[in-house]
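# Tertiary structure, described
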Amino acid sequence: MVLEETFTLANGVSIPKLGFGTWMIGDDDAARAVRDAIDIGYRHIDTAQAYANERRVGEGVRSSGVPRDQVFVTTKLAAESKSYADAQERIDGSLRALGLDHIDLMLIHSPQPWAEFREGKHYFEGNAEAWRALEGAYRAGKLRAIGVSNFERADIDNLLATCSVAPMVNQVLAHVGNTPFDLIDYSNSKGILVEAYSPVAHGAVLKDAGLRAMADRYGVSVPQLCIRYCLQLELLPLPQTVNPAHMRDNAAVDFAISDADMDTLRSVRDGTDYGEARMFPVFGKKRQDETTTGKS
């Protein structure tokens, strides 16, 4: 089963191949959702400071009945944190909120603050400062692995030019119809594992008749097809849901997409309508009042 499979990060740490994402899972539901996911067999839980649910995610991990060393927990440094002192404080804040003695993977959530996402400024100095704080926490044993999210090639190169510990992960928006192949290849060439958040495009792909027809031929659902697509690209998908039945379905992806169908899926190019999720910077034009909330 895919839930029992792992990738190996550049520092030798094993990371489960399929994660459970908690974006847009409210604080009231997060502990239960995490416990359900772990009970089903997930061993990789992904959260972030921006999701405002770290406390409950940690509660779900701690109360799951599964030993801590068997659950891989990821969180993300707020996109607005661009100084060493602030990042250092926020790293310790995540440890307190999660109620854990270490975090398995921590990422810089975005190269830009969300209010300025992809507006041209790269925040090279600020990201280098935040990265230095992550390196310090990594060396101190607070973090088992460190990485980035939503980083483009220039942002990665900025860190590689001065870092003492290279990023091990780049978590990016990737799904059928929106797969950043050049960035994936570049990240891989630097020994960086690429994770795919929103592998089902936050549900938008469910409307695609072509994907539905292909999924039917394999006897699977569209989300299962999309998650399998990411896995066959050697990406680490992070589907999210509060429904235990959907959690089980998302993990039931032990089938193979043919080479011909993979070629078809790779060639899909569309202007995905992300529905309500389009309010977030990574999905579309940000709202004028969007200043602190992030996606991944």
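This is a predicted model, so every value here is computed, not measured. (Residues numbered from 1 in each chain as written. Predicted model: local features only at pLDDT ≥ 70, side-chain atom pairs only at ≥ 80, totals over all residues. Heavy atoms only, no water.)

## Re the overall build of the protein
Filter applied, for reference: Helix and strand assignments follow DSSP, with helices taken as H or I runs no shorter than four residues and strands as E runs no shorter than two, numbered in order from the N terminus. C-alpha atoms define the radius of gyration in this analysis, and the globule rule sets the expected value at 2.2 Å times the number of residues to the power 0.38. Contacts were defined at the residue level, with two residues in contact if any of their heavy atoms lie within 4.5 Å. Here the Shrake-Rupley method, with its probe set to 1.4 Å, supplies the accessible areas, and only the displayed protein chains count as covering residues. We treat Lys and Arg as the positive residues and Asp and Glu as the negative residues; His and chain ends play no part in the count. Working definition for charges: the position is that of NZ of Lys, CZ of Arg, CG of Asp or CD of Glu.
Across its full length, the protein holds ten helices and ten strands. Whereas a compact globule of 296 residues would reach a radius of gyration of roughly 19 Å, the protein reaches 18 Å, a difference of no more than 12%. In the protein, of all internal contacts separated by at least 6 residues, the share reaching a separation of at least 24 is 73%. Surface accessibility of the protein: about 12100 Å² in total, with carbon and sulfur atoms responsible for 47%. On the protein, the mean spot of the 32 positive side-chain charges and the mean spot of the 41 negative ones are 2 Å from each other.

## Some thoughts on the state of the cysteines
Put simply, the rule reads: In this description, a disulfide is simply a cysteine sulfur pair whose atoms lie within 2.5 Å. Using a 1.4 Å probe on the protein chains alone, a residue whose accessible area is under 20% of its type maximum counts as buried, one over 50% counts as exposed, and one in between counts as partly exposed.
Applying the stated criterion across every chain, the model contains zero disulfides. Sulfur of C226: no disulfide; nearest cysteine sulfur belongs to C230 and is 7.4 Å away. Given a relative accessible area of 0%, C226 falls into the buried group.

## Observations concerning the sheet that holds strand β3 (residues 20–21)
Operational definition: DSSP-based pairing: two strands are paired if at least 2 bridges between them are found. Only C-alpha atoms enter the line fits that serve as axes; for helices the fit covers just the stretch in contact. Angles between N-to-C directions range over 0 to 180 degrees.
Read across the open sheet, the eight strands follow the order β3-β4-β5-β6-β7-β8-β9-β10; overall the sheet is parallel. Taken across any chain shown, the strands that pair with only one partner, and hence form the sheet edges, are β3 and β10 (236–238). Note that strand β9 (residues 193–197) and β10 share three bridges and pair parallel. Opposite A196, over in β10, you have P237 as the bridge partner. Contacts from helix α6 (residues 181–189) reach β8 (169–173) and β9, with the element oriented near 145° to β9.

## Some thoughts on the packing of aromatic side chains
What counts is decided by this rule: In this scheme Phe, Tyr and Trp rings, the latter by its six-membered ring, pair at centre separations within 6.5 Å, and the angle between planes marks the pair as stacked below 30 degrees, edge-to-face above 60, and tilted otherwise.
Overall, the coordinates contain three aromatic pairs when judged by the stated rule. Aromatic pair W114 and F117: ring centres 5.3 Å apart, planes at 40°, arrangement tilted. Here W114 falls in the buried class, since its relative accessible area comes to 0%. Consider the rings of Y218 and F255, whose centres lie 5.9 Å apart with planes at 45°: the pair is tilted.

## As for helix α2 (residues 54–62)
Definition in use: Our arc is simply the arc of the directions from the helix axis toward the C-beta atoms.
Those residues of α2 not exposed but buried are E54, V57, G58, G60 and V61. Taken down its axis, α2 places every buried residue within 155° of arc, on the same side. Residues of α2 that are buried make contact with α1 (27–40), β4 (44–46), β5 (72–77) and α3 (84–98).

## Some words on the UniProt feature "domain: NADP-dependent oxidoreductase" (unreviewed entry) in the protein
Note the following rule: UniProt positions are given in the numbering used here, feature names are shortened, and annotations may be inferred rather than shown by experiment.
The UniProt feature table records "domain: NADP-dependent oxidoreductase" (unreviewed entry) at residues 17–268. Within the segment residues 17–268, helix and strand shares are 43% and 13% respectively, and the terminal C-alpha atoms sit 24 Å apart.

## Brief notes about α6
Turning to α6, its buried residues number three or more, namely L183, I184, Y186 and S187. Each buried residue of α6 lies within a common arc of 165° when the element is viewed along its axis, so the set occupies one face. Across from the buried face of α6, at angles greater than 90 degrees, the exposed residues are D182, D185 and S189. Of the residues flanking the end of α6, it is G191, one or two places downstream, whose phi is positive at about 75°.

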